[in-house]
Every structure is written in C-alpha cells, then in structure tokens.
Amino acid sequence: MNHKTDQLPHSGPCERNKQAIFDILAPLLGNACRLLEIGSGTGQHAVWMAKQAPHITWQPSEIEDNLAALKLRLDVEAPGNVRAAIIIDVAEECWSDHNPDILFTCNTFHIMSEQHVEAFWQHAGTLLKTDALVIVYGPFKYANEFTTPSNARFDIWLKQRDPASGLRDFEWVNELADKNHFICIADHAMPTNNQCIIWRKSSTKTQRKPLTIDG
Ligand SMILES: C[S@@+](CC[C@H](N)C(=O)[O-])C[C@H]1O[C@@H](n2cnc3c(N)ncnc32)[C@H](O)[C@@H]1O
C-alpha cells in the first residue's frame, strides 16, 4: 500500500524534539556506528535522524502490535541507512542478535511498566559491549520529586490510563544501570521538561566506594 506522507501516523512531539535530541546524539555517532532504537513509534526520529547521519546504520524496532504502523513511514520515507524494522518487546527473553554501539530510546520509560524498564537494562547489560552507549530521552523525577507541576499532572494522566505507567525516578533508573555495568556520563535538561541521559558500559561492575562512618 502506498501512503502519502501526510497520511502517515504522526507525532507532534517528535517533530518538535528531533533537532534538540539530534544535537546531543550527533557528536556521539562515530563512523560506521550501529544504533538500535527501542520503541520507534511513528518512525519520525529514525527517518529524520538517519538522514542527518548517513554514515551510521539505524535499526528501528517496535512491539509486534505497533510494527505495522512503524513500517508505513519507513516504507515511504526511510533512507538507505535505516534497516527494516524488527519486533522488539523489552519484556521478551531474546531481542535479536544485534550488537549496537548505541541503544537509543525516546519517551518509552514512562510508558513501560517498572518490570519492563528493568528488563530493558538487563538486555542492555547483556547485549552491549564495553564503551557502548545507552541514550534515554523523556521526562524523569529526581529524588522522587517531579521537576515541574506539568510533569506531575502528566504522571496522574498516565496512571489513569495505565496504572503500571508513570514517570521514573532518575535514581532508580541509575541504580538499574549500575547493576548492569553502566555509568551515567551526562544528563542534559531538554525543552518541555524532558531529559536526555547518557550511560556508558563499563568494562567491569562499577566499583562503589565502601561506606565509611566517621567518628
Ligand atoms: C510514547 S511512544 C514513543 C514513540 C517514539 N519513540 C517517540 O518518541 O515518538 C512509546 C513507545 O514505547 C513502545 N513500547 C511500550 N512498551 C514497550 C515494550 N515493552 N518494549 C518495547 N517498546 C515498548 C510503544 O510501542 C510506543 O511506540
């Protein structure tokens, strides 16, 4: 089926945030870099960002139920460096045999359940090699506090839709990253109360400093 561009599934936020996210991503995209995206949605990020970075290979993915909608855009607009979309549900035991340099996901952690965010990090720990990056964009809480009243309202709205969803606490996510051998190397405040957070895979388990009690 041939879809005109204006008939494709469309996300307004994707259009508005793509440049700001790409500005963070671009310096991290080395030559021949392979990027795996989890929860590619409408494919707008994959198509637009892959066009800006023709030297990389972009692997989009979606859960089975949303794969057909993603394919609609990719079939019409994807440049040659975007691979055919694959099914990945982070909850599944086996993702794929891909070995990306960058694992990227945008606006998914507050949609997934806590168990699925945990599964994301377990897979990242198994799949990625030392120095590979995980890049996560979306709204976060810090020390269990919302960064803005609008994020607090968004969280209520999300939970009314799906009680398992909701904004995740940075410290909780970072603990999962740490358990799976990732170190947080940057946390960028982004427009509209979002963050773009970057973790790097370390060669061994992060060595925590032993707790010492003075006095
Ligand atoms: C709000 S949309 C974001 C889509 C796109 N990344 C964007 O920024 O517009 C959340 C996405 O998370 C995906 N998702 C939800 N649960 C998932 C899971 N268990 N594994 C992989 N993707 C999941 C959904 O299919 C959906 O495409």
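Small disclaimer: the values here were computed from a predicted structure and weren't measured. (Residues numbered from 1 in each chain as written. Predicted model: local features only at pLDDT ≥ 70, side-chain atom pairs only at ≥ 80, totals over all residues. Heavy atoms only, no water.)

K.L.:
Describe in detail the overall build of the protein, supporting the description with residues and values.
P.N.:
Each helix and strand counted, the protein has six helices and 11 strands in total. Against the 2.2 N^0.38 benchmark of 17 Å for 215 residues, the protein shows a C-alpha radius of gyration of 17 Å, consistent with a compact globule. C-alpha atoms of the protein, sized along the principal axes, occupy 75 × 40 × 35 Å. Counting only residues that meet the buried cut, the protein has 48% of its 215 residues in that class. For the protein, restricting intrachain contacts to residue pairs at least 6 apart in sequence, the fraction spanning at least 24 positions comes to 72%. (Helix = DSSP H or I, 4+ residues; strand = E, 2+ residues; numbered from the N terminus. Rg over C-alpha atoms; globule rule 2.2 N^0.38 Å. Buried < 20%, exposed > 50% of the residue type's maximum accessible area, 1.4 Å probe, protein only. Contact = heavy atoms within 4.5 Å.)

K.L.:
Residues and numbers for the packing of aromatic side chains, please.
P.N.:
On inspection of all chains with the given rule, the structure shows 10 aromatic pairs. Between Trp-121 and Trp-199, the ring centres sit 4.9 Å apart and the planes meet at 75°, which makes this aromatic pair edge-to-face. You can see Trp-121 sitting in helix H4 (residues 114-127) and its partner Trp-199 sitting in strand S11 (residues 194-201), a full 78 residues away along the chain. Here Trp-121 falls in the buried class, since its relative accessible area comes to 0%. A relative accessible area of 0% means that Trp-199 is categorised as buried. Centroid distance Tyr-142 to Phe-170: 5.4 Å. Interplanar angle 25°. Geometry classified as stacked. Of this pair, Tyr-142 sits in strand S7 (residues 140-142) while Phe-170 is found in helix H6 (residues 170-179), placing the two residues 28 residues apart along the sequence. (Phe/Tyr/Trp six-rings, centres within 6.5 Å; stacked < 30°, edge-to-face > 60°.)

K.L.:
Describe the site of the ligand, with residues and values.
P.N.:
Around the ligand sit 17 residues in total, of which Gly-39, Glu-62, Asn-66, Asp-89 and Cys-106 are the nearest. Here an oxygen atom of the ligand and a side-chain polar atom of Asn-66 are 2.8 Å apart. Here a nitrogen atom of the ligand and a side-chain polar atom of His-116 are 3.4 Å apart. Look at the ligand: alone it shows 590 Å² of surface, and the protein chains cover 84% of it. Class assignment of the residues belonging to the shell around the ligand gives a composition of eight nonpolar, seven polar and two charged. (Near = heavy atom within 4 Å. Polar contact = N/O pair within 3.5 Å; in protein donor to acceptor, adjacent residues only side chain to side chain. Areas by Shrake-Rupley, 256 points an atom, 1.4 Å probe, with all protein chains shown as cover. Nonpolar A, V, L, I, M, F, W, Y, C, P; charged D, E, K, R; others polar.)

K.L.:
An account of the side chain of Thr-42 is requested, with residue identities and associated values reported.
P.N.:
For Thr-42, the location among the structural elements is in the loop between strand S1 (34-38) and helix H2 (44-52). Using a relative accessible area of 14% as the deciding quantity, one classes Thr-42 as buried. Within the local environment of Thr-42, its side chain forms a polar contact with the side chain of Gln-44, the two groups lying 2.5 Å apart. Excluding residues within four positions of it along the chain, Thr-42 makes contact with Pro-9, His-10, Ser-11, Cys-14, Leu-70 and Arg-73.

K.L.:
Quick one: what's the story with unusual backbone geometry, residue by residue and with numbers?
P.N.:
With glycine set apart, most residues show a phi of negative sign, and most peptide bonds adopt trans. Here the phi dihedral of His-181 falls at roughly 75°; this positive angle occurs in a residue that is not glycine. Along the chain, the position of His-181 falls in the loop between H6 and strand S10 (182-190). Positive phi outside glycine occurs at Asn-193, with the angle close to 65°.

K.L.:
An account of the sheet that holds strand S9 (residues 168-169) is needed here, citing residue identities and associated values.
P.N.:
Here three strands make up an open sheet; going across it, the order is S8-S7-S9 and the pairing mixed. If you trace the sheet from one side to the other, it starts and ends with strand S8 (145-146) and S9, each paired once. In this sheet, S9 lies alongside S7 in parallel orientation, the contact comprising two bridges. Considered in S9, the bridge of Phe-140 is made with Arg-168. (Pairing = 2+ DSSP bridges.)

Coordinates in, geometry out; function isn't part of it.
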